[in-house]
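# Residue-level structural notes
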Amino acid sequence: MGTRSVVVVGAGVFGAWSALRLARDGWQVTLVDAYGPANGRASSADHSRVVRAGYGRDEIYTRWATASLTGWHWLAKTSGHRLVEESGVLFLGAHGSPHLDETAAVFRDLGVEHQRLSAAEVAARFPQLGVIGLGDALYEPRAGAIRARQAVAAAVAVARAHGVEYLTARVRPLDETQTTPTVETTDGTRLEADRYVLAAGPWLAGLLPLAVGGRIRVTRQELLYFGVPAGDARFALDALPVWIDFGAGFYGIPDLDAHGFKLGIDRHGPPIDPDAAERIVHPEVVATAREFLARRFPALAAAPVVDARVCQYENTATGDFLIDTHPTWEQVWIVGGGSGHGFKHGPAVGTHVADLLAGRAAVEPRFALAGKSSTAARAVY
Ligand SMILES: Cc1cc2nc3c(=O)[nH]c(=O)nc-3n(C[C@H](O)[C@H](O)[C@H](O)COP(=O)(O)OP(=O)(O)OC[C@H]3O[C@@H](n4cnc5c(N)ncnc54)[C@H](O)[C@@H]3O)c2cc1C
């Protein structure tokens, strides 16, 4: 087999890692993005993202997150950037939370280090965290935070060092009524290749309206960074782990790189247009966040917002990824549906895409297009 060519559309975390792994497999890769790698509109764009292997009973994501952590460390070493902080993740839950029990069971089966903590143990270990109403907790030490935008930039830089050609251009929506795909940019340039990987995140439904339209719901999500009190080291990443409270719908990353104490709202927001949306946080969100802080991190209840971001999730109905071929074009692969939790899995997604294109792997049934309903029924956390 001679060198085969592939065009990857989208240089977010999924496209960047797909391009990198395909190039290492010997493919001639062109990576195209409308606005640039991890640009301000992309889902991969923030300063940080949570990395964790805990996923309830969804063992596949535990496996992929564990494999990905090795991939991230490889990328950090190769690029010379410090990307991951294994500061631990603390899952907070109600008493007898099935999610924590299921997470612990998968951790035991797969040998992932973890500790069960009672509310009293959490209070003793992390006194800056208020435990009123807290039932139970699970601590995953080999988890934490990744410098997200920097990590995508590093993946693209290493991909280019492996021969990937990067291009800033927008690909037009594909005409899915044709028997063969035509992939062209808005200036009319045709991008010819043996294979296409469409990793356009929240834009996937627009790119493939017939195949994907209605199967990915793009929701507005808000993130707030609160300034920590002066001279107070209790909210630094080495003093407090990343924490997730799925029941309350909040999660957070302590003061990474002195950027502020990050609070994310995980409940799905209203629909958003990723191209045109004004990314200004609604004041009601700040008020809701403060109510939560007053309970869980009382010392920050009155802290000022020092930064804020409006991002978007690209949700499949259940939250499972979408990684499959196009229903009529076997040379076109659809890679997306990160659904608010995809970032950490970038390396595993890239490996899987390279395996699929080489015929070394089959489509994972959970990620198949056929199973993707247009009715929201979130099941992955
Ligand atoms: C607020 C928020 C918090 C999150 N928190 C976490 C977390 O803590 N941990 C975690 O693991 N995950 C998290 N996620 C999820 C994760 O960030 C996403 O699943 C992941 O970034 C999706 O990456 P992607 O490459 O599919 O999409 P994107 O990053 O959106 O990349 C798609 C790219 O395609 C380009 N593109 C689109 N259309 C075209 C076109 N026609 N032509 C050319 N280029 C095009 C875009 O410019 C963009 O750069 C979070 C997401 C959000 C929004």
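Quick look at the structure, then. Bear in mind that the values here come from a model prediction, so they are computed numbers and not experimental data. Sequence order as written defines the numbering, with residues in each chain counted from 1. It should be noted that, the model being predicted, local features are given only for residues of pLDDT at least 70 and side-chain atom pairs only at 80 or more, the latter also being counted only at that level, while totals for whole chains, interfaces and linings use all residues. As a rule here, side-chain values cover all heavy atoms of the structure and leave hydrogens and water aside.

A separate point is the overall build of the chain. Within the chain one finds 8 helices and 17 strands. Computed over C-alpha atoms, the radius of gyration of the chain comes to 21 Å, within 12% of the 21 Å expected from 2.2 N^0.38 for 381 residues, which places it in the range of a compact globule. For the C-alpha atoms alone, the extent of the chain along its principal axes is close to 60 × 45 × 45 Å. When accessible area is computed with a 1.4 Å probe and restricted to protein chains, residues below 20% of their type maximum are described as buried, those above 50% as exposed, and intermediate ones as partly exposed. Every one of the 381 residues in the chain was classed for burial, and the buried ones make up 57%. It only takes one pair of heavy atoms within 4.5 Å for two residues to be counted as in contact. Residue pairs in contact within the chain that sit at least 24 positions apart in sequence constitute 75% of those at least 6 positions apart. For the area figures, the Shrake-Rupley method with a 1.4 Å probe applies, and any residue is considered shielded solely by the protein chains shown. If you sum the accessible surface of the chain, you get close to 15200 Å²; carbon and sulfur atoms cover 52% of it. The average position of the 37 basic charges and that of the 40 acidic charges among the side chains of the chain differ by 1 Å. Runs of H or I in DSSP of at least four residues are treated as helices and runs of E of at least two as strands, each being numbered from the N terminus. Each radius of gyration reported is based on C-alpha atoms, and the globular scaling rule is 2.2 Å times the count of residues to the power 0.38. We treat Lys and Arg as the positive residues and Asp and Glu as the negative residues; His and chain ends play no part in the count. For this purpose, a charge sits on NZ of Lys, CZ of Arg, CG of Asp or CD of Glu.

We now examine helix α1 (residues 13-24). A helix's residues, less one, multiplied by 1.5 Å, set its expected span. If you check α1, its first and last C-alpha atoms are 17 Å apart, about what 12 residues at 1.5 Å a residue would give, namely 16 Å. Counting buried positions over the 12 residues of α1 gives 11, a clear majority of the element.

Across the 5 residues of strand β14 (residues 261-265), 5 count as buried, placing the element largely inside the fold. Strands qualify as paired when DSSP identifies two bridges or more between them. Examined bridge by bridge, strand β11 (residues 217-226) and β14 share 4 bridges and lie antiparallel to one another. Within β14, the position partnered with Phe 226 by the bridge is Phe 261. In the sheet, strand β13 (residues 250-253) pairs with β14 via 4 bridges, with the strands oriented antiparallel. Bridged to Gly 252 within β14 is Leu 263.

Topologically, Asp 136 is positioned in strand β7 (residues 136-140). Definition of a polar contact: a pair of N or O atoms within 3.5 Å, with one able to donate and the other able to accept a hydrogen when the atoms are protein atoms, and with sequence-neighbouring residues admitted only if both atoms are side-chain atoms. A distance of 2.7 Å separates a polar atom in the side chain of Asp 136 from a polar atom in the side chain of Arg 116. Ignoring any residue separated from it by four or fewer positions in sequence, one finds Asp 136 in contact with Phe 91, Leu 92, Gly 93, Ala 94, His 95, Gly 96, Leu 100, Arg 116 and Leu 117.

Below, the discussion takes up the sheet that holds strand β2 (residues 28-33). The strand order β9-β2-β1-β10-β17-β16 describes an open sheet built from 6 strands, whose pairing is mixed. Each end of this open sheet is capped by a strand with a single partner; those strands are β9 (165-168) and β16 (322-325). On average, each strand axis in the sheet is tilted by 15° relative to the strand beside it, whichever way the strands run. As paired elements, strand β10 (residues 195-198) and strand β17 (residues 332-336) share 3 bridges and run parallel to each other. Opposite Leu 198, over in β17, you have Ile 334 as the bridge partner. Note on method: axes are straight lines fitted to C-alpha atoms, helices fitted across the in-contact stretch only, with angles between N-to-C directions ranging 0 to 180 degrees.

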